[in-house]
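What follows is the residue order along each chain.
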Amino acid sequence: MCYSKAQKMNNSDVMSDILLRLSLKDLVGCKCVCKWWNTLISDPIFKLNYSLRNPQYNISGFFLQKFLYLELHSKLLFFPCEGRVDAAPKPSLSFIEDDKGVRIQHSCNGLLICSSFRCGEEDRKYYICKPTTKQYFPLPNLECRTVFGISIAYDPNRAPHYKIVSICDSYLSKNHRQIKIYSPVTGSWKPSGKPFTVPDEDMLFNRGVFWNGSLHWIGMGNLALRFDPETELMLTMPMPPTQRKPGYFGESGGHLLLVEAYGPLTAGFDIMEMKADYSGWFVKYHLNLDQVARRCQAVERANRLSILHIVYNHVEDVDESFIVIHVPGEFVSFKLRDYSFMDLQTNNHVDSGLGLWYSWEGVYPYTNTFFYL
């Protein structure tokens, strides 16, 4: 039977209305039924309508990862920042079948890069996964001796597909690095450009931050890099002209944020933001922790603290941004505007008696975007 164009459009509208009423689990299965249903479900307008109709799936927060001696899997906690607590993904990667154990390597807009845990690089496997639906997909072997960092580049508002960027060693010298890119369209890795040199300083390639369509890395010195996976160009970006070590580096709400540690963070610190044109950093917030300590005994008696996560949030022109810090034995969250404290909701059991110390390098932001592998 032949259908007119108008009839096909009407059928699509009816089918979309039916699909909108399905649970998330059933919707995943429907993508495999036929090409037509897969096209309907993959449409950006359908994704938006499904998200609006099903707010129970909306959640954003961060995973907190720590490694315990002789434990096969990394220890995970999940802290919701926005959305419904019951929509939070379970803090476990046990759904990924790997006899070496599994750990998180990177996160970006609802997707995680995970890898084998307790093994050498030659035996390590990498996975792209979505913890809320427990979907995962093994990636092809990278065919290199050392992986210095692996990151996801994915913006659902710009492109329908993610890309994975890996910083690998090079045959040229120990100071050369080779970028390799994985695309789900081709299903394979490809080298990007020629090997590039890095100075003899520690570049945090394992802590890439995706912002403004590019991946960004900072180092322990004055070098910072950004890479656009679409144009495949690697460029430098400015850093504040002082000797320091990073106390935090991340993205929130479309803003790239940096905290530099010149001494103990307990004395206070500046939160800096990168200008949109990459011309430099400016101070967004100055935190006086004396005011925080007067309201919180845990902060007052702390001899050290670490920044875990910063959430940039404006509601009807009111600054509701907040920060999450770790002091010995306790997690503390307060607003940057007036230092008022906030409850940290979580569906995890947080055992403060283990003596674990967390920092921003073990934090992986997570937003449950409507995406399927």
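Preceding this section is the structure that the text describes.
Here goes a summary of the coordinates provided. (Residues numbered from 1 in each chain as written. Predicted model: local features only at pLDDT ≥ 70, side-chain atom pairs only at ≥ 80, totals over all residues. Heavy atoms only, no water.)

With that settled, consider the environment of proline 138. Within the fold, proline 138 resides in strand 6 (residues 135-138). Sequence spacing of proline 138 and cysteine 114 is 24 residues, and the spatial spacing of their C-alpha atoms is 9.4 Å. Excluding residues within four positions of it along the chain, proline 138 makes contact with Tyr126 and Tyr127. (Helix = DSSP H or I, 4+ residues; strand = E, 2+ residues; numbered from the N terminus. Contact = heavy atoms within 4.5 Å.)

All right, on to the sheet that holds strand 23 (residues 330-335) then. In space, the four strands of this open sheet follow the order 19-22-23-24, with antiparallel pairing throughout. Of all the strands in the sheet, just strand 19 (306-311) and strand 24 (341-342) have a single pairing partner and so form its edges. By the bridge criterion, five bridges tie strand 19 to strand 22 (residues 322-327) in an arrangement that is antiparallel. Residue histidine 309 lies in a different strand from strand 22, and its bridge partner there is valine 324. (Pairing = 2+ DSSP bridges.)

In this fold, glutamine 178 is placed in strand 9 (residues 176-183). Among the polar contacts listed, one links the side chain of glutamine 178 to the backbone oxygen of glycine 193, at a separation of 3.2 Å. Contact partners of glutamine 178, with chain neighbours within four places excluded, come to Ser166, Ile167, Cys168, Asp169, Ser170, Pro191, Ser192, Gly193, Lys194 and Pro195. (Polar contact = N/O pair within 3.5 Å; in protein donor to acceptor, adjacent residues only side chain to side chain.)

Turning our attention to the nonpolar core. Counting 40 residues, the largest nonpolar core has Phe249, Phe269, Ile271, Leu287, Ile310, Ile323 and Phe334 as its most contacted members. Those residues within four positions of isoleucine 271 in sequence are excluded, and the remaining contacts are Leu257, Leu258, Val259, Phe282, Val283, Lys284, Tyr285, Leu287, Ile310, Ile323 and Leu336. Counting 31 residues, the second largest nonpolar core, distinct from the first, contains Ile113, Ile150, Ile164 and Ile167. (Core = buried A, V, L, I, M, F, W, Y, C linked by side-chain atoms within 4.5 Å. Buried < 20%, exposed > 50% of the residue type's maximum accessible area, 1.4 Å probe, protein only.)

Once that is clear, we can look at the sheet that holds strand 8 (residues 163-169). What links the strands of a sheet is backbone hydrogen bonding, and the strands pair in either a parallel or an antiparallel sense. Here we have four strands laid out as an open sheet, ordered 7-8-9-10, and antiparallel in their pairing. The open sheet is flanked by strand 7 (147-153) and strand 10 (188-197), the only strands paired with a single partner. Averaged over neighbouring strand pairs, the angle between their axes works out to 20° when direction is ignored. Bridge count for strand 7 against strand 8 is six bridges, and the pairing is antiparallel. Across the sheet, residue isoleucine 150 finds its bridge partner in strand 8, namely serine 166. (Axes fitted to C-alpha atoms, helices over the stretch in contact; angles between N-to-C directions.)

Applying the stated criterion across every chain yields a total of 10 salt bridges. Among the salt bridges present, the one from aspartate 99 reaches lysine 100, with a minimum N-O distance of 3.6 Å. Judged by its relative accessible area of 28%, lysine 100 falls in the partly exposed class. The closest approach of N and O atoms between glutamate 320 and arginine 337, which form a salt bridge, is 3.4 Å. Here glutamate 320 is found in the loop between strand 21 (318-319) and strand 22, whereas its partner arginine 337 is found in the loop between strand 23 and strand 24, with 17 residues between them in sequence. Here arginine 337 falls in the partly exposed class, since its relative accessible area comes to 41%. (Salt bridge = Lys/Arg side-chain N within 4 Å of Asp/Glu carboxyl O.)

Turning next to the packing of aromatic side chains. Working definition: an aromatic ring pair is given by the centre-to-centre distance plus the angle between the planes. Inspection of every chain in the model, using the stated rule, returns 15 aromatic pairs. Seen in terms of ring centroids, tryptophan 211 and tyrosine 278 are 5.4 Å apart; in terms of plane orientation they differ by 70°. Their pairing is edge-to-face. With tryptophan 211 in strand 11 (residues 209-211) and tyrosine 278 in the loop between strand 17 (269-274) and strand 18 (281-287), this pair connects stretches of sequence that are 67 residues apart. Exposure remark for tryptophan 211: the relative accessible area of 6% places this residue in the buried category. Taken together, a centroid distance of 6.4 Å and an interplanar angle of 65° make the contact between tyrosine 248 and tryptophan 360 edge-to-face. Linking tyrosine 248 in strand 15 (residues 245-252) with tryptophan 360 in the loop between strand 24 and strand 25 (363-367), this pair joins segments that are 112 residues apart in sequence. Residue classification places tryptophan 360 among the buried positions, given a relative accessible area of 4%. Here arginine 177 stacks its cationic end above the ring of phenylalanine 148, 3.8 Å away from the centre of that ring. (Phe/Tyr/Trp six-rings, centres within 6.5 Å; stacked < 30°, edge-to-face > 60°. Lys NZ or Arg CZ within 6 Å of the ring centre and 35° of its normal.)

All buried positions along helix 3 (residues 35-42) are accounted for by Trp37, Leu40 and Ile41. Along helix 3, the residues classed as buried sweep out an arc of 95° about the axis, all on the same side. (Arc of directions from axis to C-beta.)

Its location among the elements puts serine 116 in strand 4 (residues 111-116). In contact with serine 116, not counting residues within four places along its chain, are Asp98, Lys100, Gly101, Arg103, Asp123, Arg124, Lys125 and Tyr127.

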